Amino acid sequence: MNIDTAKNNVDRVGFLDVEIDPSMDLFHEIERLKKEKNAIVLAHYYQEPDIQDVADYIGDSLGLAQQAEKTTADIIVFAGVHFMAETAKILNPEKKVLLPDLKAGCSLADSAPAELFRRFREQHPGHIVISYINCSADIKALSDIICTSSNAEKIIESVPADQPIIFAPDRNLGAYLNKKTGRNMVLWNGACMVHEIFSLEKITKLKIRHPEAKLIAHPECEDPVLRVADFIGSTTQLLKYTQQDNAKEFIVATETGILHQMQKGNPFKTFIPAPPDNSCACNDCPHMKLNTLEKLYLCMEFETPEITMDETLRTAAKRPIERMLEISKAAGLIG
Ligand code: SF4
């Protein structure tokens with residue numbers, strides 16, 4: 001397919017469906033494009049290893065939002081899912097934000113349609129809304145403060161104890177935070193398909209086979225898994241834990257992309273992906289894994305697909321993100 005036809009098809013297909021010369025050194029080409037276009041590649045920990053290896057910055061939602069806020073690059077290439085690239089655009093309206101595949105969505109973000117959420121909010125007058133960053137720009141615009149799994153506790157603690165709160169969209173993270181903070185936040189009934197699917201039974205069997213292994217889990221997991229975890233934390237906190245803890249084996253209950261950085265940082269430790277409740281041995285996010293090195297190269301070369309956003313929506317969605325960044329800075333969570 002020629003490039004003009006591929007560009008016309010981007011909204012329907014999600015990416016530039018163009019053949020690439022198989023002998024091309026994509027790593028070299030991506031580095032060249034970064035320099036030529038003053039572009040930065042931001043990648044989430046759940047991206048495939050090749051993408052992580054070409055990224056200028058790899059992080060979780062909080063770190064990526066902070067990098068997007070402070071970059072001086074003209075082009076931000078966001079190797080992650082749609083709401084993350086949207087967040088980068090919200091913070092950088094003057095910059096071009098590219099996403100290798102527009103169809104890289106998120107089941108959690110999709111579980112909160114804006115109109116239904118607006119009505120839910122109206123049914124709870126007097127509540128403020130704290131939303132997990134894994135939500136659409138529309139939900140952000142309906143929120144008072146955004147949080148990530150790294151800073152959620154601090155964000156909630158910054159709100160007076162007698163102020164009622166709605167927490168959206170992840171019910172598992174919300175329930176975990178209610179337990180941790182002693183609050184009684186009203187929870188929107190959303191969930192992540194990747195973190196909800198871990199099998200407690202298979203994890204228990206794995207623990208019997210690996211009695212010395214520590215189970216580490218992301219708080220988007222369901223309560224029965226969190227109850228048996230040795231450590232619960234955001235993706236970045238899980239990564240740090242594996243570096244600082246003396247254990248030699250870890251069972252990791254989150255998306256498997258993070259194992260690449262865990263293994264790189266700890267070559268002599270063993271990381272076992274926690275098994276999901278299906279026939280697969282590990283748990284990949286199908287949305288995150290839509291991005292490939294080829295699509296990354298093509299979107300940089302042709303500067304498509306690009307994230308665009310209505311300015312009124314962008315401004316409304318920016319306010320709660322800035323509030324999050326302010327609270328996180330004051331709490332010493334980011335520099
Ligand atoms: S892992 Fe879950 S929360 Fe993260 S992008 Fe995939 S579906 Fe969304």
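Counting starts from 1 at the beginning of each chain's written sequence and moves along it residue by residue. Confidence filtering applies because this is a predicted model: local features only for residues at pLDDT of at least 70, side-chain atom pairs given and counted only at 80 or more, and all residues used for totals across whole chains, interfaces and linings.

- The protein has the name Quinolinate synthase in an unreviewed UniProt entry, where Flavihumibacter solisilvae is given as its organism.
- UniProt positions are given in the numbering used here, feature names are shortened, and annotations may be inferred rather than shown by experiment. Listed under Pathway (unreviewed entry) in UniProt, the entry text for the protein is "Cofactor biosynthesis; NAD(+) biosynthesis; quinolinate from iminoaspartate: step 1/1."
- On record in UniProt, under Function (unreviewed entry), the comment for the protein is "Catalyzes the condensation of iminoaspartate with dihydroxyacetone phosphate to form quinolinate."

## Points about the packing of helix 14 (residues 235-244) against helix 15 (residues 258-265)
Turning to step 1, where the next piece is worked out: Taken N-terminus to C-terminus, the directions of helix 14 and helix 15 make an angle of 25 degrees; their axes are 10 Å apart at the nearest point. Between helix 14 and helix 15, the crossing angle belongs to the class labelled roughly parallel. Seen along the crossing, helix 14 lies across helix 15 with a hand that is right-handed. Residues Thr235, Leu238, Leu239, Thr242 and Gln243 of helix 14 touch helix 15, and the partners they reach there are Ile258, Gln261, Met262 and Gly265.
Turning to step 2, where the next piece is worked out: Any residue that is not Ala, Val, Leu, Ile, Met, Phe, Trp, Tyr, Cys, Pro, Asp, Glu, Lys or Arg is counted as polar, Gly included; the first ten are nonpolar and the last four charged. Looking at the contact of helix 14 with helix 15 residue by residue, the class counts come to 4 nonpolar, 5 polar and no charged. Orientation is described by axes fitted as lines to C-alpha atoms, over the contacting stretch for helices, and by angles from 0 to 180 degrees between their N-to-C directions. The secondary structure listing takes helices from DSSP runs of H or I that are at least 4 residues long and strands from runs of E that are at least 2 residues long, numbered from the N terminus. An angle below 35 degrees is read as roughly parallel, one above 145 as roughly antiparallel, one from 65 to 115 as roughly perpendicular, and any other as oblique. Crossings are sorted by hand: turned counterclockwise from the far helix by less than a right angle, the near helix makes the crossing left-handed, and turned clockwise it makes it right-handed. Note that contacts rest on C-beta atoms placed from the backbone: two residues are in contact if these are within 7 Å.

## Some remarks on the UniProt feature "binding site: iminosuccinate" (unreviewed entry) in the protein
Turning to step 1, where the next piece is worked out: What UniProt calls "binding site: iminosuccinate" (unreviewed entry) maps, in this numbering, to His44, Ser61, Tyr132, Ile133, Asn134, Ser149, His218, Pro219, Glu220 and Thr235.
Turning to step 2, where the next piece is worked out: Along the chain, proline 219 turns up in the loop between strand 9 (214-217) and helix 13 (223-228).
Turning to step 3, where the next piece is worked out: Position of threonine 235 relative to the elements: it lies in helix 14.
Turning to step 4, where the next piece is worked out: In this structure threonine 235 touches Tyr45, Asp60, His218, Thr254 and Ile258, once residues within four positions along its chain are discounted.

## Brief notes about the UniProt feature "binding site: [4Fe-4S] cluster" (unreviewed entry) in the protein
Turning to step 1, where the next piece is worked out: UniProt records the feature "binding site: [4Fe-4S] cluster" (unreviewed entry) for Cys106, Cys192 and Cys285 in the present numbering. Of the residues just listed, which span 180 residues, no C-alpha pair is farther apart than 9.4 Å, and they cluster in one region.
Turning to step 2, where the next piece is worked out: Checked against the element boundaries, cysteine 192 lands in the loop between strand 8 (186-187) and helix 12 (200-209).
Turning to step 3, where the next piece is worked out: Between the buried cut of 20 or more and the exposed cut of 12 or fewer other C-beta atoms within 10 Å of a residue's own C-beta lies the partly exposed class, and all C-beta atoms are placed from the backbone. Here cysteine 192 falls in the buried class, since 25 other C-beta atoms lie within 10 Å of it.
Turning to step 4, where the next piece is worked out: Excluding residues that lie within four positions of it along the chain, cysteine 192 makes contacts with Ser107, Leu108, Asp170 and Glu220.
Turning to step 5, where the next piece is worked out: Here cysteine 285 is to be found in the loop between strand 12 (270-273) and helix 16 (293-302).
Turning to step 6, where the next piece is worked out: With near-sequence residues (within four places) excluded, cysteine 285 lies in contact with Tyr46, Val194 and Glu255.

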